[in-house]
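Observations on the model geometry
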Protein chains: 2
Amino acid sequence: MEYIKNPMMIEDKSFEIIQGIIDEIRPGYEFKNEIEEKIIKRAIHTTADFEYLDILKISDTAVDMLVDALKNKATIFTDTNMALSGINKRKLSALGCEYKCLVADEDVAALAKEKGITRSMAAVEVAANTEGRKVFVLGNAPTALYKVMEMKNEGSLDLDAVVGVPVGFVGAEESKDELEKTEIPYIISKGRKGGSNLAAAIINAILYSM
Amino acid sequence: MEYIKNPMMIEDKSFEIIQGIIDEIRPGYEFKNEIEEKIIKRAIHTTADFEYLDILKISDTAVDMLVDALKNKATIFTDTNMALSGINKRKLSALGCEYKCLVADEDVAALAKEKGITRSMAAVEVAANTEGRKVFVLGNAPTALYKVMEMKNEGSLDLDAVVGVPVGFVGAEESKDELEKTEIPYIISKGRKGGSNLAAAIINAILYSM
């Protein structure tokens, strides 16, 4: 069986094919700018789902805020180990950024049990007490996204931006619609789609553009 | 903001909504059997993508082989840490199964460099030398899937089944089409779609049904 075995060739060829398909299915489609193009194409690369041409929404200041946070040793908080696995941690470390998924921490589990909330929500409370700049990368838990908005609103959480792409059928769509109404810089996927893989891909697209 | 915070309620409600949407978009749709229903619905739960009703294909013996392997302390080999993160490792451990993602191992990197192949391919070679029953769970690397087929064909790899759902634009679709032609018990996603999240969801659906 003949097949391409060089990883860099595979990636370059993939992005070429993606552009070819966009030309075919959406002739004349124009991305707002170069970074938005990179983010959306990487979302498609990760999912093979061209719906991201329409449903990925990036607020005006989101990319600048994310880049600035990443340049200033922000901590990236994810809601799943899966999202954390997918993020290029070598790049984050090179920038001096930290990264954490707190959901499985004992303290977080205890806090969740005590308060009768999800571990994802408790993880946001613990993250809020961390020093330094903060970015939330949420691909799974609408409850985490709601918690971020609540705490920001109460003034008990300081953050730079949210990649808010929870997937699912209960609260995912609604939580992202709410986020759009806030002042928090965001990247979201409208509707039900999203996921940990997508969340990681979005952060990686930004890291690769820096 | 009002939202459901109980994880079990969220999951039950999600599956109820998924069935409701299937009834709406595909009236009269019938799953082949209960386990296929569980696998496909969990795929949809993880991706919010109803295309999996049509593109998820399960070979006749795949589920029996996977269940038998899981009952007999098989090792699960994934092609990404992301897939491994998503798999319910508590359940695997309770069954006495092991799980490994070898792509980042030093031996694998050295072998890949020496042979001029991808690390995903080298990881399959190393896995083949492992004792005991084997299941491959591949959500990312067509090259790994091709390597599994090559080694099986040469008689140098003994395995029970493959969850073969690489996503992407170069080789993903073709590799899955090839797998369908082999004798290897498989679960695949036809076309370009798939992913590490999907790969994990499929194994979890089987674990939860046991």
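- In the nomenclature of an unreviewed UniProt entry, chain A is known as Cobalt-precorrin-8 methylmutase of Romboutsia weinsteinii.
- As stated in UniProt under Pathway (unreviewed entry), the record for chain A gives "Cofactor biosynthesis; adenosylcobalamin biosynthesis."

1. A word on the environment of Lys-57 of chain B
Residue and element names in this part refer to chain B.
- For Lys-57, the position within the fold is in strand β1 (residues 56-58).
- Overall, Lys-57 belongs to the partly exposed group, its relative accessible area being 34%.
- Between the C-alpha atom of Lys-57 and that of Ile-39, which follows or precedes it by 18 residues, the distance is 10 Å.
- Apart from residues no more than four positions distant in its own chain, Lys-57 is found in contact with Tyr-186, Ile-187, Ile-188 and Lys-190.

2. A short note on the relation of the copies chain B and chain A
- Of the transformation superimposing chain B on chain A, the axial component is 0.0 Å and the angular component is 180°, with the fit at an RMSD of 0.0 Å. Accordingly, the operation relating the two chain copies is best matched by a two-fold axis. Residues of chain B ranked by C-alpha distance from the rotation axis are headed by Met-82 of chain B, positioned 2.5 Å from it.
- Comparing interface residues between copies, 100% of those in chain B also lie at the interface in chain A; the contact surface is shared.

3. Thoughts on the packing of aromatic side chains
- Taken as a whole and assessed by the stated rule, the structure comprises six aromatic pairs over all chains.
- When the centroid spacing of 5.8 Å and the interplanar angle of 85° are considered together, the rings of Phe-169 of chain A and Phe-50 of chain B count as edge-to-face. With Phe-169 of chain A in the loop between β5 (161-164) and α10 (172-180) and Phe-50 of chain B in the loop between α2 (34-47) and α3 (52-55), this residue pair bridges two chains. By the burial criterion, Phe-169 of chain A is buried, and Phe-50 of chain B matches it.

4. Section: the pairing of strand β2 (residues 75-78) of chain B
Residue and element names in this part refer to chain B.
- On β2, burial covers both faces: Thr-75 and Phe-77 on one face and Ile-76 and Thr-78 on the other are all buried.
- Note that β2 and strand β3 (residues 98-101) share four bridges and pair parallel. When the sheet's bridge partners are listed, Phe-77 is paired in β3 with Lys-100.
- Across four bridges, β2 lies against strand β4 (residues 134-138) in parallel orientation.

5. Observations concerning the interface of chain B and chain A
- Contacts between the two partners involve 39 residues from chain B, matched on the other side by 39 residues from chain A.
- Across the chain B-chain A interface, the total number found is two salt bridges.
- The interface formed by chain B and chain A contains two residue pairs in polar contact (both at pLDDT 80 or more).
- Elements with a minimum of two residues in the side of chain B that touches chain A: α1 (7-25), α2, α5 (81-86), α9 (142-154) and α11 (196-209) of chain B.
- The greatest single-element share of the side of chain B that touches chain A, amounting to seven residues, is contributed by α1 of chain B.
- Considering only residue class, the side of chain B that touches chain A consists of 19 nonpolar, 12 polar and eight charged.

6. Focus: helix α1 (residues 7-25) of chain A
Residue and element names in this part refer to chain A.
- In this model, α1 (19 residues) spans 27 Å end to end at C-alpha, consistent with the 27 Å of a helix rising 1.5 Å per residue.
- Turning to α1, its buried residues are Ile-10, Ser-14, Phe-15, Ile-18, Ile-21 and Ile-22. End-on view of α1: buried residues confined to an arc of 130°, all on one side of the axis. Facing away from the buried side of α1, by more than 90 degrees, are the exposed residues Met-8, Glu-16 and Glu-24.

7. Observations regarding the pattern of salt bridges
- For the coordinates displayed, the defined rule picks out 32 salt bridges over all chains.
- Lys-181 of chain A serves as the salt-bridge partner of Glu-178 of chain A, at 3.3 Å between the closest nitrogen and oxygen.
- Residue class for Glu-178 of chain A comes out partly exposed when judged on its relative accessible area of 25%.
- The exposure class assigned to Lys-181 of chain A is exposed, which follows from its relative accessible area of 62%.
- Taking the shortest distance from any N to any O, the salt bridge between Glu-11 of chain B and Arg-42 of chain B comes out at 2.7 Å. You can see Glu-11 of chain B sitting in helix α1 and its partner Arg-42 of chain B sitting in helix α2, a full 31 residues away along the chain.
- Judged by relative accessible area, Glu-11 of chain B falls into the partly exposed class, the value being 25%.
- Taking the relative accessible area as the measure of exposure, Arg-42 of chain B reaches 14% and is therefore buried.

8. Topic: the state of the cysteines
Residue and element names in this part refer to chain B.
- The tally for this structure, following the rule as stated, stands at zero disulfides over all chains.
- Of all cysteine sulfurs in the structure, the one in Cys-101 sits closest to Cys-97, which takes part in no disulfide; the separation is 17 Å.
- For Cys-101, a relative accessible area of 12% puts it in the buried group.

Definitions and cut-offs
- Residues numbered from 1 in each chain as written.
- Chains lettered and ligands numbered in written order.
- Predicted model: local features only at pLDDT ≥ 70, side-chain atom pairs only at ≥ 80, totals over all residues.
- Heavy atoms only, no water.
- UniProt positions renumbered as here; feature names shortened; annotations may be inferred.
- Helix = DSSP H or I, 4+ residues; strand = E, 2+ residues; numbered from the N terminus.
- Buried < 20%, exposed > 50% of the residue type's maximum accessible area, 1.4 Å probe, protein only.
- Contact = heavy atoms within 4.5 Å.
- Least-squares fit on C-alpha atoms with pLDDT ≥ 70 in both.
- Phe/Tyr/Trp six-rings, centres within 6.5 Å; stacked < 30°, edge-to-face > 60°.
- Pairing = 2+ DSSP bridges.
- Salt bridge = Lys/Arg side-chain N within 4 Å of Asp/Glu carboxyl O.
- Polar contact = N/O pair within 3.5 Å; in protein donor to acceptor, adjacent residues only side chain to side chain.
- Nonpolar A, V, L, I, M, F, W, Y, C, P; charged D, E, K, R; others polar.
- Expected span 1.5 Å × (residues − 1).
- Arc of directions from axis to C-beta.
- Disulfide = S-S within 2.5 Å.

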